[in-house]
Amino acid sequence: MTGRHLLPLLLCLLPLAACPDMADQKRPDMAEPEPVLRGPTSSLPVPGTVARGERSAWDVLKDRPEMTPALLERGRERFNIYCAPCHGVAGHGSGLIVERGFPAPPSFHNDRLRDATPGHFLSVIENGFGVMYPYGDRVRPADRWAVVAYIRALQLSQHAQVSELPEPLRERLP
Amino acid sequence: MAQVFKPSADIILRAVILIIVIAVIVTVVSGWLYWHSGWLTDVAEAPEQPVPFSHRHHAGDLNIDCRYCHYTGEETAKAGLPTSETCMTCHSQLWTEAEALRPVRQAYTEGRPLWWQRVVDSPDFVYFNHAAHLDVGVGCTTCHGPVQEMALTYESHAYTMGWCLDCHRDPAPNLRPEGAVTAFDWRPRTGLSETERQALLEARDVHPERLTDCYTCHR
């Protein structure tokens, strides 16, 4: 092949050298500083704002949902993920993190917390309490009633009166 | 005319041919080994992180659920990397003087996240969605390997297209029961009959027919 033919051929290959790497496109990815302000790429919404097409947290929370086995099951799962590390699976306040030195939370099985309103629990989840940080970003509004329902069930499980049991169950007690 | 090739030329020719053949074999074999080794894909290599975070310590020993820190995966495409506030829910009280945790405290007071080095990062032309998988019971360790045993996080295998397709062609053995997506000890089912397969797929309303179409992952 002569040089006369080689040159156009090489020119044809030139655009390939400018090919962008499609694997890394020009958009900031998660956990990368955003390029203009060097701030986070994802940040929390301004307090009090509601995304279009979504219900506000208050709208979701204002009515207590019906107590159902499905709600309790959801509450059990969420409680075990987000609360049990400190409060323990039964709510006595002795989870694994507390064993490693985190200040112990109060047990859910005392008269004060048994008598506390559901609103108190909803507020502690959303805003935190003392050294406990808020969990509102992790426990979504729709799940908060489920967690409260499960805490109520835990409290009942440790404070049931024999006289309140139905007859067939009472007979099976030792 | 003088002789151009001496009798020894024959031996040299044979030697040269032998060397060429060996060279070709060595190139092909080592190329194959390199392609399938971790070097090309960074498998089993842990990048340096701003904080030496240990999954073995937190998820393994302390038994903290994956979703305590990666809490957006059930609803959105991204599992999410924890913010500095998530670390501070515990480290505001624990190891508050530790030098290793200084970047966490600093990021928290400045109100910014930590810039973690990504470990599992698909190319940007691939569409992946965590919620779609967690919803039908494909669990974390099925895809990410034994994260709960990693002192520093690394890729347990290469996340190639072939790896995705292996499961998309036959997802049934990997569908876990309700509530088990973060369990460590769950193993894929083996020896499933065709009816058992269909039952598993039906229970989760999964339709593998369209899972191997290009536009499922490249959109």
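Residues numbered from 1 in each chain as written. Chains lettered and ligands numbered in written order. Predicted model: local features only at pLDDT ≥ 70, side-chain atom pairs only at ≥ 80, totals over all residues. Heavy atoms only, no water.

- The name that an unreviewed UniProt entry assigns to chain B is Molybdopterin oxidoreductase subunit protein, with the source organism given as Caenispirillum salinarum AK4.

- Under an unreviewed UniProt entry, the name given to chain A is ABC-type Fe3+ transport system protein, and the source organism is Caenispirillum salinarum AK4.

**Some thoughts on the overall build of chain A**
And then number 1: Of regular secondary structure, chain A possesses 9 helices and 0 strands.
And then number 2: Element order for chain A, N to C, with α for helix and β for strand: α-α-α-α-α-α-α-α-α.
And then number 3: When each of the 174 residues of chain A is scored for burial, the buried share is 29%.
And then number 4: Across chain A, contacts joining residues at least 24 apart in sequence account for 46% of those joining residues at least 6 apart.
And then number 5: Looking at chain A as shown, the accessible area adds up to about 12,000 Å², and 61% of this sits on carbon and sulfur atoms. (Helix = DSSP H or I, 4+ residues; strand = E, 2+ residues; numbered from the N terminus. Buried < 20%, exposed > 50% of the residue type's maximum accessible area, 1.4 Å probe, protein only. Contact = heavy atoms within 4.5 Å. Areas by Shrake-Rupley, 256 points an atom, 1.4 Å probe, with all protein chains shown as cover.)

**A look at the side chain of Thr 216 of chain B**
All names here are of chain B.
And then number 1: Mapping Thr 216 onto the fold places it in helix H10 (residues 214-217).
And then number 2: Among the polar contacts made by the side chain of Thr 216, one reaches the main-chain carbonyl oxygen of Arg 210 at a distance of 2.8 Å.
And then number 3: Non-local contacts of Thr 216, meaning those with residues more than four positions away in its chain, are made with Tyr 127, Arg 210 and Leu 211. (Polar contact = N/O pair within 3.5 Å; in protein donor to acceptor, adjacent residues only side chain to side chain.)

**Some words on the UniProt feature "transmembrane region" (unreviewed entry) in chain B**
And then number 1: Per the UniProt annotation, the sites labelled "transmembrane region" (unreviewed entry) are residues 12-35 of chain B.
And then number 2: Span residues 12-35 of chain B is 100% helix and 0% strand, its end C-alpha atoms 34 Å apart. (UniProt positions renumbered as here; feature names shortened; annotations may be inferred.)

**A word on the UniProt feature "domain: Class III cytochrome C" (unreviewed entry) in chain B**
And then number 1: In the numbering adopted here, UniProt assigns the feature "domain: Class III cytochrome C" (unreviewed entry) to residues 47-96 of chain B.
And then number 2: The span residues 47-96 of chain B is 38% helix and 0% strand, and its two end C-alpha atoms sit 25 Å from each other.

**Structural notes on the interface of chain B and chain A**
And then number 1: Each side of the interface is counted separately: chain B has 30 residues, and chain A has 32 residues.
And then number 2: When chain B packs against chain A, close to 2,800 Å² is buried across both sides, 60% of that on carbon and sulfur atoms.
And then number 3: For chain B, the biggest contributors to the area lost against chain A are Tyr 68, Trp 115 and Asp 124 of chain B; these three give 24% of the whole.
And then number 4: Across the pair Glu 77 of chain A and Arg 67 of chain B runs a salt bridge whose closest N-O atoms are separated by 3.8 Å.
And then number 5: Taken together, the links from chain B to chain A amount to 7 residue pairs in polar contact (both at pLDDT 80 or more).
And then number 6: Contributing elements (two or more residues each) for the side of chain B that touches chain A: helix H3 (66-69) and helix H4 (84-91) of chain B. (Buried area = accessible area lost by both parts, 1.4 Å probe. Salt bridge = Lys/Arg side-chain N within 4 Å of Asp/Glu carboxyl O.)

**Digging into the domain arrangement of chain B**
For interface size, the figure often reported is the accessible area lost on association.
And then number 1: When the domains of chain B are assigned, the result is domain 1 (8-36) and domain 2 (55-81 + 116-217).
And then number 2: Put simply, the middle of domain 1 of chain B and the middle of domain 2 of chain B, counted by C-alpha atoms, are 44 Å apart. (Domains from an automatic or database assignment.)

**Points about the packing of aromatic side chains**
And then number 1: Per the stated rule, a full pass over the model turns up 7 aromatic pairs over all chains.
And then number 2: Through a chain of ring-to-ring contacts, three or more aromatic side chains come together here, namely Phe 79, Phe 108, Phe 121 and Tyr 150 of chain A.
And then number 3: A cation over a ring is seen here: Arg 138 of chain A above Tyr 68 of chain B, with NZ or CZ 4.7 Å from the ring centre. (Phe/Tyr/Trp six-rings, centres within 6.5 Å; stacked < 30°, edge-to-face > 60°. Lys NZ or Arg CZ within 6 Å of the ring centre and 35° of its normal.)

**A word on the packing of H4 of chain B against helix H5 (residues 102-110) of chain B**
All names here are of chain B.
And then number 1: One can describe the packing of H4 onto H5 by two numbers: an axis separation of 9 Å at closest approach and a directional angle of 115 degrees. As for the relative orientation of H4 and H5, their crossing is left-handed in sense. Two secondary-structure elements touch here, H4 through Ser 84, Glu 85, Cys 87 and Met 88 and H5 through Val 104, Arg 105, Ala 107 and Tyr 108.
And then number 2: Among the residues making up the contact of H4 with H5, the classes are represented as 5 nonpolar, 1 polar and 2 charged. (Axes fitted to C-alpha atoms, helices over the stretch in contact; angles between N-to-C directions. Left-handed = near helix turned anticlockwise from the far one by under 90°. Nonpolar A, V, L, I, M, F, W, Y, C, P; charged D, E, K, R; others polar.)

**Structural notes on the UniProt feature "domain: Cytochrome c" (unreviewed entry) in chain A**
And then number 1: The positions that UniProt labels "domain: Cytochrome c" (unreviewed entry) are, in the present scheme, residues 70-155 of chain A.
And then number 2: In the segment residues 70-155 of chain A, helix accounts for 59% and strand for 0%; the C-alpha atoms at its two ends are 18 Å apart.

**Some words on helix H3 (residues 69-82) of chain A**
And then number 1: Between the first and last C-alpha of H3 of chain A there are 20 Å, a value that for 14 residues agrees with the 20 Å anticipated at 1.5 Å per step.
And then number 2: Buried within H3 of chain A are the following residues: Leu 71, Gly 75, Arg 78, Phe 79, Ile 81 and Tyr 82 of chain A. The arc enclosing the buried residues of H3 of chain A, seen along the axis, measures out at 160 degrees, which places them on a common side. Opposite the buried face of H3 of chain A, at more than 90 degrees from it, the exposed residues are Pro 69 and Ala 70 of chain A.
And then number 3: The inward-facing, buried residues of H3 of chain A contact helix H4 (84-87) and helix H8 (141-157) of chain A together with H3 of chain B. (Expected span 1.5 Å × (residues − 1). Arc of directions from axis to C-beta.)

**Some words on the nonpolar core**
And then number 1: Within the largest apolar cluster, 30 residues are counted, with the highest numbers of intra-cluster contacts made by Phe 79, Tyr 82, Ile 97, Phe 121 and Val 147 of chain A together with Tyr 68 of chain B.
And then number 2: For this core, the elements supplying multiple residues, two or more each, are H3, H4, helix H5 (96-99), helix H7 (118-127) and H8 of chain A.
And then number 3: Looking at this core, the element that brings in the most residues is H8 of chain A, giving 6 residues.
And then number 4: Every residue in contact with Phe 79 of chain A, bar those within four places of it in the chain, is listed here: Ala 84, His 87, Gly 88, Val 89, Phe 108, Val 147, Tyr 150, Ile 151 and Leu 154 of chain A. (Core = buried A, V, L, I, M, F, W, Y, C linked by side-chain atoms within 4.5 Å.)

**Structural notes on the environment of Pro 166 of chain A**
And then number 1: Locating Pro 166 of chain A in the fold gives a position in the loop between H8 and helix H9 (167-171).
And then number 2: Put simply, Pro 166 of chain A and Arg 114 of chain A are 52 residues apart on the chain and 22 Å apart in space, counted from C-alpha to C-alpha.

**Some details on the confidence of the model for chain B**
And then number 1: Looking at chain B, the pLDDT average stands at 91 and 96% of residues meet or exceed 70.
And then number 2: With pTM at 0.89, the complex prediction returns an ipTM value of 0.80. (pLDDT = per-residue confidence, 0-100.)

**Observations regarding the packing of H3 of chain A against H8 of chain A**
Residues and elements named next belong to chain A.
And then number 1: With their axes 7 Å apart at the nearest point, H3 and H8 run at an angle of 90 degrees to one another. The angle between the axes of H3 and H8 places the two elements in the roughly perpendicular class. Taking contact as the criterion, the partners of Leu 71, Leu 72, Arg 74, Gly 75, Arg 76, Arg 78 and Phe 79 in H3 are, on H8, Asp 143, Ala 146, Val 147, Ala 149, Tyr 150, Ile 151, Ala 153 and Leu 154.
And then number 2: Looking at the contact of H3 with H8 residue by residue, the class counts come to 10 nonpolar, 1 polar and 4 charged. (Parallel < 35°, antiparallel > 145°, perpendicular 65-115°, else oblique.)

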